[in-house]
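# Topology and contacts: notes
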Amino acid sequence: MVNSVPRLVIAAPASGSGKTTVATGLMAALSARGFAVSPHKVGPDYIDPGYHCLATGRVGRNLDAYLCGPELVAPLFAHGARGCDVAVVEGAMGLYDGAAGEGELASTAQVAKLLRAPVVLVVDASSQSRSVAALVHGFVSWDPEVRIGGVILNKVASDRHEELLRQALESVGVPALGALRRARQVDVPSRHLGLVPVAERGAAAVEAVSAMGAQVADGCDLSALVALARSAGSLAGAGWDAGAALVSSPPPPLPVPSPRALPPDPRSALDGPRPRTPDGLDRAGRAVRVAVAGGSAFSFSYAEHAELLSAAGAEVVVFDPLRDEELPEGTAGLVVGGGFPEVYASELSANESLRKAVCELALAGAPVAAECAGLLYLCRELDGLPMCGVLDASARMAERLTLGYRDAVAVSDSALAAAGTRMRGHEFHRTVVEPGAGDAPAWGMRAPERRVEGFVERGVHASYLHTHWASEPGVARRFVERCRTS
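Computed from a predicted structure; not experimentally measured.

### As for the sheet that holds strand E12 (residues 288-293)
Strand order in the open sheet formed by 6 strands is E13-E12-E14-E15-E23-E22, with mixed pairing between adjacent strands. Strands with a single pairing partner mark the edges of an open sheet, and in this sheet they are strand E13 (314-319) and strand E22 (455-457). The mean angle between the axes of side-by-side strands here comes to 15 degrees, regardless of whether they run parallel or antiparallel. Direction of pairing for E12 relative to E13: parallel, over a ladder of 6 bridges. In the sheet register, Arg-289 faces E13, and the bridge partner there is Glu-315.

### Some thoughts on the environment of Asp-64
Positionally, Asp-64 belongs in the loop between strand E4 (61-63) and helix H3 (73-81). With 21 residues separating them along the chain, Asp-64 and Gly-43 place their C-alpha atoms 4.5 Å apart. Ignoring sequence-local partners within four residues, the contact set of Asp-64 consists of Gly-43, Pro-44, Gly-69, Ala-106 and Tyr-405. Here Tyr-66 takes part through its backbone nitrogen, which lies 2.9 Å from a polar atom of the side chain of Asp-64.

### Remarks on the sheet that holds strand E7 (residues 148-156)
Taken in spatial order, the 7 strands line up as E4-E3-E5-E2-E6-E7-E8 in an open sheet, and their pairing is parallel. Unpaired on one side and paired on the other, E4 and strand E8 (176-181) mark the two borders of the sheet. Taking the axes of each pair of neighbouring strands and ignoring which way they run, one obtains an average angle of 25 degrees across the sheet. Across 4 bridges, E7 lies against E8 in parallel orientation. Each residue of the ladder has a partner; that of Leu-153, found in E8, is Ala-179.

### A look at the packing of H3 against helix H4 (residues 108-115)
Where H3 contacts H4, the two axes come as close as 9 Å, and the packing angle between them is 70 degrees. Between H3 and H4, the crossing angle belongs to the class labelled roughly perpendicular. Residues Val-73, Ala-74 and Phe-77 of H3 form the contact with H4, whose participating residues are Val-111, Leu-114 and Leu-115. For the contact of H3 with H4, a count of residues per class yields 6 nonpolar, no polar and no charged.

### Focus: the confidence of the model for the protein
Any region with low pLDDT has predicted coordinates that should not be read closely. Put simply, the protein has an average pLDDT of 90, and 89% of its residues get 70 or more. For the stretch residues 253-278, pLDDT sits under 50, and the model shows 56 contacts to residues farther than four places along the chain or on other chains.

### Focus on helix H15 (residues 474-485)
In a regular helix each residue adds 1.5 Å, so 12 residues correspond to 16 Å; H15 covers 16 Å between its end C-alpha atoms and thus fits that length. For H15, the tally of buried residues reaches 9 of 12 residues, placing the bulk of the element in the interior. Taken together, the buried positions of H15 are Gly-474, Val-475, Ala-476, Arg-477, Arg-478, Phe-479, Val-480, Glu-481 and Cys-483.

### Focus: the pairing of strand E6 (residues 119-124)
The buried fraction of E6 amounts to 5 of the 6 residues, a majority that puts the element mostly inside the structure. With 3 bridges connecting them, strand E2 (residues 7-11) and E6 associate as parallel partners. Residue pairing across strands places Ala-11 opposite Leu-121, the latter belonging to E6. Relative to E7, E6 is paired through 6 bridges, and the arrangement is parallel. By the bridge assignment, Leu-121 is partnered in E7 with Val-151. Taken together, E6, helix H5 (residues 131-142) and E7 form a β-α-β motif whose crossover is right-handed.

### Topic: the packing of aromatic side chains
Using the criterion set out here, one finds 7 aromatic pairs in the structure. Residues Tyr-96 and Trp-142 carry aromatic rings whose centres are separated by 6.3 Å and whose planes lie at 50 degrees to one another, so their mutual orientation is tilted. In this pair, Tyr-96 is assigned in the loop between strand E5 (86-90) and H4 and Trp-142 in helix H5, connecting sequence segments 46 residues apart. One aromatic cluster in this structure is built from Tyr-46, Phe-300, Tyr-302 and Phe-340. The ring of Tyr-66 carries the charged tip of Arg-424 above its face, separated from the ring centre by 4.1 Å.

### Structural notes on the packing of helix H1 (residues 19-32) against helix H2 (residues 48-56)
Orientation of H1 relative to H2, taken along the N-to-C sense of each, is 20 degrees, at an axis distance of 8 Å. When the axis of H1 is compared with that of H2, the two are roughly parallel. The element H1 and its partner H2 pack so that their crossing is right-handed. Residues Thr-20, Thr-24, Met-27, Ala-28 and Ser-31 of H1 lie in contact with H2, whose contacting residues are Asp-48, Tyr-51, His-52, Ala-55 and Thr-56. Residues that form the contact of H1 with H2 fall into these classes: 4 nonpolar, 5 polar and 1 charged.

So, how was this worked out
- Residues numbered from 1 in each chain as written.
- Predicted model: local features only at pLDDT ≥ 70, side-chain atom pairs only at ≥ 80, totals over all residues.
- Heavy atoms only, no water.
- Pairing = 2+ DSSP bridges.
- Helix = DSSP H or I, 4+ residues; strand = E, 2+ residues; numbered from the N terminus.
- Axes fitted to C-alpha atoms, helices over the stretch in contact; angles between N-to-C directions.
- Contact = heavy atoms within 4.5 Å.
- Polar contact = N/O pair within 3.5 Å; in protein donor to acceptor, adjacent residues only side chain to side chain.
- Parallel < 35°, antiparallel > 145°, perpendicular 65-115°, else oblique.
- Nonpolar A, V, L, I, M, F, W, Y, C, P; charged D, E, K, R; others polar.
- pLDDT = per-residue confidence, 0-100.
- Expected span 1.5 Å × (residues − 1).
- Buried < 20%, exposed > 50% of the residue type's maximum accessible area, 1.4 Å probe, protein only.
- Right-handed = clockwise from strand over helix to strand, strands pointing away.
- Phe/Tyr/Trp six-rings, centres within 6.5 Å; stacked < 30°, edge-to-face > 60°.
- Lys NZ or Arg CZ within 6 Å of the ring centre and 35° of its normal.
- Left-handed = near helix turned anticlockwise from the far one by under 90°.

This is the structure:
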């Protein structure tokens, strides 16, 4: 199968150059002109895809070569872009920045090469004129396999400033495809973990995305950008499919002898046949119900997780812990992903009936998978306010930001992963958890430092680590099977 969806990668020399404004604005501007636009984001970021969804009406999907492996970037892209007229991929950090110490791995440049897509470089042009040519020349010449097809000049001060910048770029041979002035109405508010998510902003987010679209439509050559997107090379291979991924994924590994041990390579001792787990249907053939937390406090999730749960036989039902006083009727398992419970601690604590329901479900042994914000919600307290009390642990805000990719191995058998399961993940939080005694850890971190982290207790798997299940579809199959049998 050949994928020839026109596509662009929106990149920049550094963070803060205006990638999100330009990428989201371009998505909105093209959507307003009748294009079916497929939105994508390089890296693990959950927030930008929410703005992309507003701009296009389609789910924003992440392309992360570290979490999922380079081999899944093109299939996941094709899955998201299926049936679209054009795709816009927003980069992360600077064009050539990736996983620390891993060369180009997980960089926007690597993703652009894997997608055979041209790059549009967004340059913060404030306080410079002719120097922009030297900057762009450096990025163009650094890696000849990365095709920079044009530049969009951001934060341009005046018509005269724009003229000087365009003249400078002519000497490099890279066209200026747009020039944007400063515009306060497109600014998105930030706080301790970045932009404020769409789920929390309501109409203000809609207005901001509309303003971004208008700014890009007014300041950029949309026809030239579409023509550049159509110059992308064809991609061979089928798009990712949740059902096919479950069928082709290897069964979970056998337990390692010592759940707390952290060998150099846990898979080295896992030879021999491994039986597959059955599907997630109950004995009457019905799908088991998995409740997934959503709403403003838990807005971080990858679309592929719900797709994998459904393909494994689950009925996925979203609920809002800020508003719903009970879990969905018939809940057999619970997934609580990332978000900002620290911002909504008072409201979450006040919903006592739901906290009690979550605790009772967990104490009954039902499978519960919690990541980062979900971990905080399951604790005894957060910043002194009562939470669900599933875990004998206390959480609080901290001054230091914990951020980065992680290479991890499951060190305890759980409803989510068998001991020895190897996964890569990402940590991004400004909280700390002080655990009680007796709980088994969830993960052993192999890089960048060796340590254990998280909790496994009864059917609960709770951790700070964000993972992308497309890299290890068997975790969804295992989770649904445990929902069926618990």
